[in-house]
Amino acid sequence: MSTADSHATTGQAAQRWQDPALPASERVDALLAEMTVAEKVAQLGSRWLGNFMGHDAGDDGDGPNSNDREGERPQVAPLEDLFKDAGHVSLEEAARDGLGHLTRVYGSRPVSAEEGAALLVAQQHTVVKGCRLGIPALAHEECLTGFNTYGATVYPAPLAWAAAFDPDLVRRIGGAIGRDLRALGVHQGLAPVLDVVRDYRWGRVEETMGEDPYLVSMLGAAYVAGVEGAGVVATLKHFAGYSAARGARNHGPVPMGRRELLDVILPPFETAIAVGGARSVMNSYSDIDGVPAGADPWLLTQLLREDWGFTGTVVSDYGSLAFLAGLHGVAADFDEAGAMALGAGIDVELPDTLTFGRHLEERVARGELDESLLDRAVRRLLTQKVELGLLDPEWTPELSVASAATRDLNSPENRELAKELAERSVVLLDAGSALPLVDADAGRAAPGRVAVVGPCADDSRTLMGCYAFPNHVLPRHPDLPLGISAPTVVEALRAELPDAEVVFEPGCDVRERDRSGFAAAAAAARGAELCVAVVGDRAGLFGNGTSGEGCDVEDLQLPGVQAELLAELFATGTPVVVVVLSGRPYALGEVHPRSAGLVQAFMPGQEGAAAIAGVLSGRVQPAGRLPVQIPRRPGGQPGTYLQPPLGAHTQGISSVDPTPLFPFGYGASYTTFEIGDLRVSASDIPTDGEFTVSARVRNTGTRPGREVVQLYLRDPVAQVSRPVRQLTGFAQVDLAPGASARVSFRVHADRTAFTGRDLTRIVEPGAIEVQVGASSQELPCLAVVRLTGPTRKVGHDRRLTTPVDVTLEEADATAR
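About the criteria used
Residues numbered from 1 in each chain as written. Predicted model: local features only at pLDDT ≥ 70, side-chain atom pairs only at ≥ 80, totals over all residues. Heavy atoms only, no water. Helix = DSSP H or I, 4+ residues; strand = E, 2+ residues; numbered from the N terminus. Buried < 20%, exposed > 50% of the residue type's maximum accessible area, 1.4 Å probe, protein only. Lys, Arg positive; Asp, Glu negative; His and termini not counted. Charge placed at Lys NZ, Arg CZ, Asp CG, Glu CD. Polar contact = N/O pair within 3.5 Å; in protein donor to acceptor, adjacent residues only side chain to side chain. Pairing = 2+ DSSP bridges. Axes fitted to C-alpha atoms, helices over the stretch in contact; angles between N-to-C directions. Phe/Tyr/Trp six-rings, centres within 6.5 Å; stacked < 30°, edge-to-face > 60°. Lys NZ or Arg CZ within 6 Å of the ring centre and 35° of its normal. 1 Å grid on protein atoms, 1.4 Å probe; cavity = no way out; pocket = protein on both sides within 12 Å on 5 of 7 lines; lining within 4 Å. Points joined across faces, edges and corners; volume = space filled by probe spheres on them. Nonpolar A, V, L, I, M, F, W, Y, C, P; charged D, E, K, R; others polar. Core = buried A, V, L, I, M, F, W, Y, C linked by side-chain atoms within 4.5 Å. Contact = heavy atoms within 4.5 Å. Patch = residues over 30% accessible without salt bridge, like charges linked within 9 Å, V, L, I, M, F, W, Y side chains within 5 Å. Areas by Shrake-Rupley, 256 points an atom, 1.4 Å probe, with all protein chains shown as cover. Salt bridge = Lys/Arg side-chain N within 4 Å of Asp/Glu carboxyl O. Parallel < 35°, antiparallel > 145°, perpendicular 65-115°, else oblique. Left-handed = near helix turned anticlockwise from the far one by under 90°.

Enquirer: Can you help me understand the overall build of the protein in this one?
Expert: The secondary structure content of the protein amounts to 26 helices and 27 strands. In terms of principal-axis extent, the alpha carbons of the protein reach across some 80 × 70 × 50 Å. Looking at the protein as a whole, 64% of its 816 residues are labelled buried. Positive and negative side-chain charges of the protein, numbering 72 and 106 respectively, have mean locations separated by a distance of 4 Å.

What follows is the structure, given as structure tokens:
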């Protein structure tokens, strides 16, 4: 039965809401006028069948502890008790009056594209046939490191996107992910994560795009543009402040003032909406200064809707509305929590209906809830259903998945994009004495015998983030293969160095404290010309990993006994190249001086091992730059680079030195670059003016390479303390040996705006320092531009980006 058939009895109004020729607003008005209060309430809910937490055991036969790997705790979230009742509700019952969303049909257990499509078609038919108006549900999936389903490409984690400093590449990957989602009938993707890192100990650092709001803004907007351009709704999360929890503890309270929220946390969300075109936002679990995000009308309505003009949907993070009663203690029960969240500005509850249930209908009947609040939320959701074609007369569940049977979710094109990003993201911290392993200029041939040691060297899962299907769901199905080809670092090194004898010893586990493998690892190192030690993280969920959601840490020491393993390897006298394969930065102050080479890779995905091996050999020119700093010591230092003067001061203030081992924006290369010849178009501009700053970058080495030219601004005197410096623009420049290019940034005065004492965003007159270089600490170019005229208030219509142009100065150079 088609959607048109199911609506045939609803009269002329229904015919209007089915008419694609009418504006979306008219169609929504017509449908809304036809709906009962019960039908409106139903649109605000969702249903999750096959919940991988084990609440729908009848769907997949798995209990919550059915397949724990040795040494791993079960992947059980704190939301389990919340969902146990929802798990007993059939889809027929949940969709009796309609349904807003279907949750993770493809991403809850291992299914093929064809199997998932059949499940989605069956569930959509249940929704359409079961309610009077026959309105289809909107289907959503996770897509943080790719379509989170069995057999789909696993791209690098977002922290690796950030290390590439390449918005265009991220946009292309977002487009590829969006097209795969759309081909399988998925309408909304729950990504990107736009949380700005504030504490490296937080488990979800791997899901972020680093510690700088402008970098996160540009990459986040690019990903959103790619997904939205494919016809899929992108969802910004987590709105807002989640990454700044006290003690870096997941779901912890956020002790943050309004000014830090406005200047550091919110700009990526604002940019992703204004520039990227995002149509959905997901609330944060956390409270900020005691007010939970899911119940904050200032955040969800005044700021997001009235100030920013956002017209899309706000969806709840999984279980976050129930938390208002159960954990935040701002509501007496689920019913009160739902009414509170609806009033604040939440439109749809995910992943199951716990607080947006039929009690809302009863509240309307008793006069305790204004029906206009229901209409407000339903209108937003129905508008998206119109935009996505779900209310068109020709839409059918089968048509929405028509290409599923032939869709290759791990296509050569996908893998090529994953490879390109993986190669761009690997950060060379120090070539030391051993890298590259093959260097004709230095007369260095590949070693004859290489010992590869470490728990991350022969485990494909360590290449992937916690929201990659092999780490997110497959641990519950240990008898299944990964579903994709994902060579390990050992395998990649054997392929990269075909004439070398490569031996492997794990030495230890990622997080267990068993040292019994140390002796064999040290023996392998002593018997080799070179040792490559691969250490770091294995991502998981809720304590089932060393990185990932709910996998927070007390300090930044390498997990388990990996630091001790490295000490054993260094003691052998064999040169040791250290590769850190992780989801957060770890303290490497003890490791760096003893290493023969040091490389950082942030979970580079299924193609990541070959990228790492290529960087080690020299086949791949290192191009990654640090989106987070590398600490010197494990005790939670340093804070991020975005600090006011007292936060970065090192002399006479504290016995703790916040200076990082490697700063934000840093990355070495197998060639050398020189940045200089700074030019500024004007020394004085009005507070509503613009100036151009440019610098020349030259490849002074012997190999082609990529430099990331970075522009920072500093406001030395302002009415509130401002950061020592803040990234304001960047550009990737590919240059042949001896070639040069001029990089020009167009900086509007709006880019100096900040939140003043009265919490109004202003552009203030005064001197601004302009700094250009290759990292937040390597800034050879300095100039001063003075802003003149009155202090100017600015709003959402201000300039959010810094356009950049790259002009080649040599014919044989390439740049972008």
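Enquirer: I would appreciate a short explanation of helix H14 (residues 297–307) in the present structure.
Expert: Since there are 3.6 residues in each turn of an α-helix, residues three or four apart along the chain are aligned in direction. Three or more residues of H14 are buried, namely Trp298, Leu299, Leu300, Thr301, Leu303, Leu304 and Arg305. N-cap assignment for H14: the residue whose side-chain oxygen lies 3.0 Å from the backbone N of Trp298 is Asp296. Following H14 by one or two positions, Gly309 has its phi on the positive side, about 75°.

Enquirer: How do you make sense of the sheet that holds strand S21 (residues 740–748) when you look at a structure like this?
Expert: Sheets are built from strands paired through backbone hydrogen bonds, the pairs being either parallel or antiparallel. If you walk across this open sheet you meet the four strands as S16-S18-S21-S27, and the pairing is antiparallel. Only two strands of the sheet have a single partner each, and these edge strands are strand S16 (673–680) and strand S27 (804–808). Between one strand and the next, the sheet's axes are offset by a mean angle of 20°, whatever the strand orientation. Pairing analysis gives nine bridges linking strand S18 (residues 690–699) to S21, with the strands arranged antiparallel.

Enquirer: For this particular structure, what's the right way to read the packing of aromatic side chains?
Expert: Aromatic rings considered in pairs are described by the distance between their centres and by the relative angle of their planes. All chains considered together, the criterion is met by 15 aromatic pairs. Consider the rings of Phe165 and Phe664, whose centres lie 6.2 Å apart with planes at 55°: the pair is tilted. Of the two residues, Phe165 sits in the loop between helix H9 (158–164) and helix H10 (167–183) while Phe664 sits in the loop between helix H26 (645–648) and S16, which places them 499 residues apart along the sequence. Assigned by exposure class, Phe165 and Phe664 land together as buried. Clustering of aromatic rings is evident, with ring pairs tying together Phe165, Tyr214, Tyr641, Phe664, Tyr712 and Phe730. Sitting over the face of the ring of Trp298, Arg258 holds its NZ or CZ atom 3.6 Å from the ring centroid.

Enquirer: Sorry if this is basic, but what is going on with the layout of surface pockets here?
Expert: Unfilled space is identified by rolling a water-sized probe across the atoms. Approximately 880 Å³ is the volume attributed to the largest pocket. Taken together, 41 residues make up the lining of the largest pocket; nearest its centre are Asp263, Val264, Leu642, Pro723 and Gln726. Those elements giving two or more residues to the lining of the largest pocket turn out to be helix H11 (213–229), helix H12 (258–265), helix H13 (267–274), strand S19 (705–714) and strand S20 (726–735). Residue contributions to the lining of the largest pocket peak at four residues, all from H12. Taken together, the residues of the lining of the largest pocket sort by class into 17 nonpolar, eleven polar and 13 charged.

Enquirer: Would you take a moment to explain the nonpolar core for this structure?
Expert: Among soluble globular proteins, nonpolar side chains are generally buried collectively. Core analysis: the largest hydrophobic core is formed by 125 residues, its most contacted members being Leu236, Phe239, Leu266, Leu299 and Leu727. Looking at this core element by element, the count peaks at eight residues for H11. Excluding anything up to four places from it in sequence, Leu727 contacts Phe165, Asp212, Tyr214, Leu215, Tyr641, Phe664, Gln710, Leu711 and Tyr712. Listed in part, the 100 residues of the second largest apolar core include Val233, Val535, Leu661 and Tyr670.

Enquirer: Got a minute to help me understand a negative patch on the surface in this structure?
Expert: A contiguous patch of negative charge, built from Asp333, Asp335, Glu336, Glu361 and Glu362, is present on the exposed surface. Those elements that provide at least two residues to the negative patch are helix H16 (334–344) and helix H17 (359–366). Structurally, Asp333 is set in the loop between helix H15 (320–326) and H16.

Enquirer: Sorry if this is basic, but what is going on with the environment of Glu387 here?
Expert: Here Glu387 is to be found in helix H18 (residues 371–387). A relative accessible area of 45% places Glu387 in the partly exposed class. Remark: the alpha-carbon pair of Glu387 and Arg798, spanning 411 residues in sequence, is separated by 28 Å. Side chain to side chain, Glu387 and Arg279 meet in a polar contact 3.1 Å long.

Enquirer: What is the right way to read the packing of helix H3 (residues 24–34) against H18 from this model?
Expert: Helix packing geometry: the angle between the two helix axes and the distance between the axes. The interhelical angle for the contact between H3 and H18, taken along N-to-C directions, is 125°, at an axis separation of 9 Å. In terms of orientation, H3 lies oblique with respect to H18. Handedness of the crossing formed by H3 with H18: right-handed. In this structure, H3 uses Ala24, Arg27, Val28, Asp29, Leu31 and Leu32 to contact H18, whose residues at the interface are Asp375, Val378, Arg379, Leu382, Thr383 and Val386. Tallied by class, residues from the contact of H3 with H18 come to seven nonpolar, one polar and four charged.

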